[in-house]
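Notes for the structure review
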Amino acid sequence: MAIILPDLPFAKDALVPHISANTLDYHYGKHHNAYVTNLNNLLADTDLASVPLESIITKTVGNSEKAGVFNNAAQVWNHTFYWNSMKANGGGEPNGNIADLINGTFGSFDNFVAEFKKAGATQFGSGWAWLILDNGQLKITKTANADTPIAHGQTPLATVDVWEHAYYLDYQNRRPDYLAVFMEHLINWDFINANLS
Ligand code: FE
């Protein structure tokens, strides 16, 4: 197997009551795992089989004949990045370098939170909201389906999955509630500061 499913960086019940173990059983155990299995099946006996995951993504973006490889590879990468973007007892106001950068870029933490939640809530259909560095500039962005900033030369700092499978068992159709909880209780500022440096 060229690509492996990384361990979750926390226990399945670590994010309760904000994200249930049941959600993680499906989201990590079924969805993320299926992207890994699909990708390995698509890569078998091809010249991409021994290529690192990030390079598979950058080598296949925009190639309609390789859309299946790109979509599964990007989803494998995005989900691993999403798990690391959360932690138990995360959320709230940041510390470290990201705190200064957010204030300098968005004027205040409250403005930043409003912009991030808006990006997630207004992504039509499936996709992701991101905090990224783009040419050294801190930005909030969103991508559709499997698309990912690393395919476009940007540096992701954190992401939230806004596919329905990420929140439907716990929040049903209330995506804005899930995004509010992500900001208040889950976002992992330590991971973001580590990505900055
Ligand atoms: Fe997902």
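The structure this text deals with has already been given above.
All residue numbers refer to position in the chain's written sequence, counted from 1. Whole-chain, interface and lining totals are the exception, using all residues; otherwise, since this is a predicted model, local features are given only for residues with pLDDT of at least 70 and side-chain atom pairs are given and counted only at 80 or more. For the side-chain quantities, the full set of heavy atoms in the structure was used; hydrogens and water were omitted.

**Section: the coordination of the iron ion**
Because no water is among the atoms considered, metal sites can look incomplete, with donors defined as N, O and S atoms within 2.8 Å of the metal, or 3.2 Å for Na, K and Ca. Ligation of the iron ion by protein atoms is provided by His-27 (NE2), His-79 (NE2), Asp-161 (OD) and His-165 (NE2), these donors lying 1.9 to 2.1 Å from the ion. Tetrahedral means four donors with every angle between 85 and 135 degrees, whereas square planar (four donors) and octahedral (six donors) require angles over 155 degrees between opposite donors and between 65 and 115 for all others; sites fitting neither are termed irregular. Classification of the site at the iron ion rests on its four donor atoms, whose angles at the metal span 88 to 128°, yielding the label tetrahedral. Site description for the iron ion: donor spacing in sequence, H-x51-H-x81-D-x3-H. Separated by 138 residues along the polypeptide, His-27 in helix α1 (residues 21-43) and His-165 in helix α6 (residues 164-171) bring together distant segments of the chain. Segments assigned H or I by DSSP are reported as helices when at least four residues long, segments assigned E as strands when at least two residues long, and all are numbered from the N terminus.

**A short note on the pairing of strand β2 (residues 137-144)**
Here strand β1 (residues 127-134) runs beside β2; their pairing, made up of eight bridges, is antiparallel. Each bridged residue has a counterpart across the sheet, and for Trp-130 the counterpart in β2 is Thr-141. Pairing between strands is defined by DSSP: at least two bridges between them are needed. Counted between consecutive antiparallel strands, the loop separating β1 from β2 contains two residues, among which Asn-135 sits at a positive phi close to 50°.

**Some remarks on the environment of Ser-108**
Along the polypeptide, Ser-108 turns up in the loop between α4 (96-106) and α5 (109-122). Accessible area is worked out with a 1.4 Å probe on protein chains only. A residue is then buried under 20% of its type maximum, exposed over 50%, and partly exposed in between. The class for Ser-108 is partly exposed, based on a relative accessible area of 24%. It is 37 Å that separates the C-alpha atoms of Ser-108 and Gly-29, two residues lying 79 residues apart in sequence. By definition in these notes, contact holds between two residues if any of their heavy atoms fall within 4.5 Å. Not counting chain neighbours up to four residues away, the residues in contact with Ser-108 comprise Ile-102 and Asn-103. For this analysis, a polar contact is any N or O atom pair within 3.5 Å, provided that within protein one partner can donate a hydrogen and the other can accept it, and provided that sequence-adjacent residues contribute only side-chain to side-chain pairs. Of the polar contacts made by the side chain of Ser-108, one reaches the backbone nitrogen of Asn-111; its length is 3.0 Å.

**Some details on the sheet that holds β2**
Within the open sheet, the three strands sit side by side as β2-β1-β3. Their pairing is antiparallel. Edge positions in the open sheet fall to β2 and β3 (155-161), since each of these has one partner strand only. The sheet shows a mean angle of 20° between the axes of neighbouring strands, direction not considered. Its contacts with the sheet put α5 on β1, β2 and β3, and the angle it makes with β2 is roughly 20°. All axes here are fitted lines through C-alpha atoms, helices being fitted over the stretch that makes contact, and every angle between N-to-C directions spans 0 to 180 degrees.

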